[in-house]
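Coordinates in review
One-letter residues, chain by chain:
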Amino acid sequence: MDFLWLFICYLIFLILGVSTFCFFSGRSTRGLDVALCRAEQVISRLSPFWLQRCIGRCFHTRSGAFVVLHLVLDSLVFAEYTWEVLDYSLELEINWILVFLPYVLISVNLYYFYKCCTSDPGKVTKQNEELYTRVYEYDEILFHHSNKCATCHLLKPARSKHCGVCGNCIQRFDHHCVWVNNCIGALNIRHFLLYLLSLTVTAACLAAVITAFLLQVVLLSHMMTAAYVDSRGQQEIASLAYVIQHLFLTFPRIIFTLGFLFLLIFFLGGYTCFLWYLSITNRTTNEWYKAWRVSASPRGYSRGILSNLKEIFQPYTRYQKER
Ligand SMILES: *[C@@H]1O[C@H](CO)[C@@H](O)[C@H](O)[C@H]1NC(C)=O
Ligand SMILES: [Zn+2]
Ligand SMILES: [Zn+2]
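Residues numbered from 1 in each chain as written. Chains lettered and ligands numbered in written order. Predicted model: local features only at pLDDT ≥ 70, side-chain atom pairs only at ≥ 80, totals over all residues. Heavy atoms only, no water.

**What about the overall build of the chain?**
Along the backbone of the chain there are 12 helices and 6 strands. Considering the chain as a whole, with its 323 residues, one finds that 43% of them fall into the buried category. Counting contacts in the chain only where the partners sit at least 6 residues apart, residues at least 24 apart contribute 67% of the total. On the chain, roughly 18300 Å² of surface is accessible, and the fraction owed to carbon and sulfur atoms is 66%. (Helix = DSSP H or I, 4+ residues; strand = E, 2+ residues; numbered from the N terminus. Buried < 20%, exposed > 50% of the residue type's maximum accessible area, 1.4 Å probe, protein only. Contact = heavy atoms within 4.5 Å. Areas by Shrake-Rupley, 256 points an atom, 1.4 Å probe, with all protein chains shown as cover.)

**With respect to the coordination of the zinc ion (ligand 2)**
Of the protein atoms, only Cys149 (SG), Cys152 (SG), His162 (ND1) and Cys169 (SG) coordinate the zinc ion (ligand 2), at distances of 2.0 to 2.3 Å. Angles of 102 to 117° at the metal separate the 4 donor atoms of the zinc ion (ligand 2), which places the site in the tetrahedral class. By relative accessible area, which is 3% here, Cys149 ends up buried. Taking the relative accessible area as the measure of exposure, His162 reaches 17% and is therefore buried. (Donors = N, O, S within 2.8 Å, 3.2 Å for Na, K, Ca; no water. Tetrahedral: all angles 85-135°; square planar, octahedral: opposite > 155°, others 65-115°.)

**So, the site of ligand 1**
If you check the shell around ligand 1, you find Tyr136, Arg159, Asn282, Tyr301, Arg303, Ser307, Asn308, Glu311 and Arg318 and nothing else. Here an oxygen atom of ligand 1 sits 2.9 Å away from a polar atom, N or O, in the side chain of Arg303. At a separation of 2.8 Å, a nitrogen atom of ligand 1 approaches a polar side-chain atom of Glu311. For ligand 1, whose accessible area on its own is 370 Å², the fraction buried by protein is 90%. Residues of the shell around ligand 1, tallied by class, amount to 2 nonpolar, 3 polar and 4 charged. (Near = heavy atom within 4 Å. Polar contact = N/O pair within 3.5 Å; in protein donor to acceptor, adjacent residues only side chain to side chain. Nonpolar A, V, L, I, M, F, W, Y, C, P; charged D, E, K, R; others polar.)

**Quick notes on the confidence of the model for the chain**
Residues with a pLDDT of 70 or more make up 87% of the chain, whose mean pLDDT is 84. Predicted confidence for residues 27-32 stays below pLDDT 50, and this span has 17 contacts to residues more than four positions away or in other chains. (pLDDT = per-residue confidence, 0-100.)

**As for the coordination of the zinc ion (ligand 3)**
Around the zinc ion (ligand 3), the protein supplies Cys163 (SG), Cys166 (SG), His176 (ND1) and Cys183 (SG) as donor atoms, at distances of 2.0 to 2.2 Å. The coordination sphere of the zinc ion (ligand 3) comprises 4 donor atoms, whose angles at the metal cover 100 to 115°; the geometry is tetrahedral.

**Comments concerning the packing of aromatic side chains**
If you walk through the whole model with that rule in mind, you get 16 aromatic pairs. Relative to Tyr103, the ring of Tyr81 lies with its centre 5.9 Å away and its plane at 55°, an arrangement referred to as tilted. Of this pair, Tyr81 sits in helix α5 (residues 65-91) while Tyr103 is found in helix α6 (residues 96-118), placing the two residues 22 residues apart along the sequence. What makes Tyr81 buried here is its relative accessible area of 1%. Joined through ring pairs, the aromatic side chains of Phe78, Tyr81, Phe100 and Tyr103 make up one cluster. Here the basic side chain of Arg159 rests over the ring of Tyr136, its NZ or CZ set 4.7 Å away from the ring centre. (Phe/Tyr/Trp six-rings, centres within 6.5 Å; stacked < 30°, edge-to-face > 60°. Lys NZ or Arg CZ within 6 Å of the ring centre and 35° of its normal.)

**Here we look at the pattern of salt bridges**
In total, this model carries 6 salt bridges according to the counting rule given. Its salt-bridge partner being Arg253, residue Glu84 comes within 3.2 Å of it at the nearest N-O pair. Here Glu84, found in helix α5, pairs with Arg253, found in helix α10 (residues 252-280); they are 169 residues apart in sequence, far enough to count as distant. The exposed category is assigned to Arg253, whose relative accessible area is 52%. Overlapping salt bridges, with partners in common, bring together Arg159, Arg172, Glu287 and Glu311 in one network. (Salt bridge = Lys/Arg side-chain N within 4 Å of Asp/Glu carboxyl O.)

Here it is as structure tokens:
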């Protein structure tokens, strides 16, 4: 049973790790308020100077650290999949379309990842401030008329926000995403939504193949009906815990990867649903957060799912001069 404890500890560590990343990557807009700010203050007081600088560099200035980390994680998962799962899965006669589908999906995902990293989120500049200001009306609840940005001294269009990391005001600001090292705004949120969706689907597909593979192994080896001799010399029928333990010892890396994928699906899937939900109701993460903080509910801007999506996926109809 020691093994199960180890496995549970591993899961807890993984959950903690992933939640820390989620927290930090979304912190520019959604830091869970005072409690977390306090926690951060305490941590920064306790941690050594070099660590603070490192964290500061990763989260408060533009740096490719998380882009690199993202690519490394991608490569690790796919290397593992290719070396250990692919051959066996084909031998075990799992449908080859399903087995090769993850490669197609990750290509789609990398395309949108690249788009998110490099595209213009909708920077407000001297040339386009007039045009951008005319796009949305000020609601005087969350966004007030005749505000100028204190840092870039340009007009502040409704729904925009100054991003301290990028140093620009961004039209229809959603949030600054460290994973793509770019802001998410009016002109690239469509790429971001598709990026999130394709990443979740890729993870789900990988998890499906790996689960099918493990099930096939268990079924073909008759592990569930096998008996083993325990330490007291008695014959026992293998239990579920025994089977899991056996799989873990036989394919440790595959099981680790599967655990990671399940967590990814859980957190990323939740976040993807959240952002898609905001999008089809014509809101941004920034507005959702602001509304929550001032406990206002400036709703009623939605003109139906289709026109909301149209605004996101064809932003250039509103910024025609830009083209
Ligand atoms: C979305 O909301 C904004 C106000 O926040 C409004 O100006 C805009 O017309 C709305 N767009 C759609 C498609 O409903
Ligand atoms: Zn600004
Ligand atoms: Zn930014």
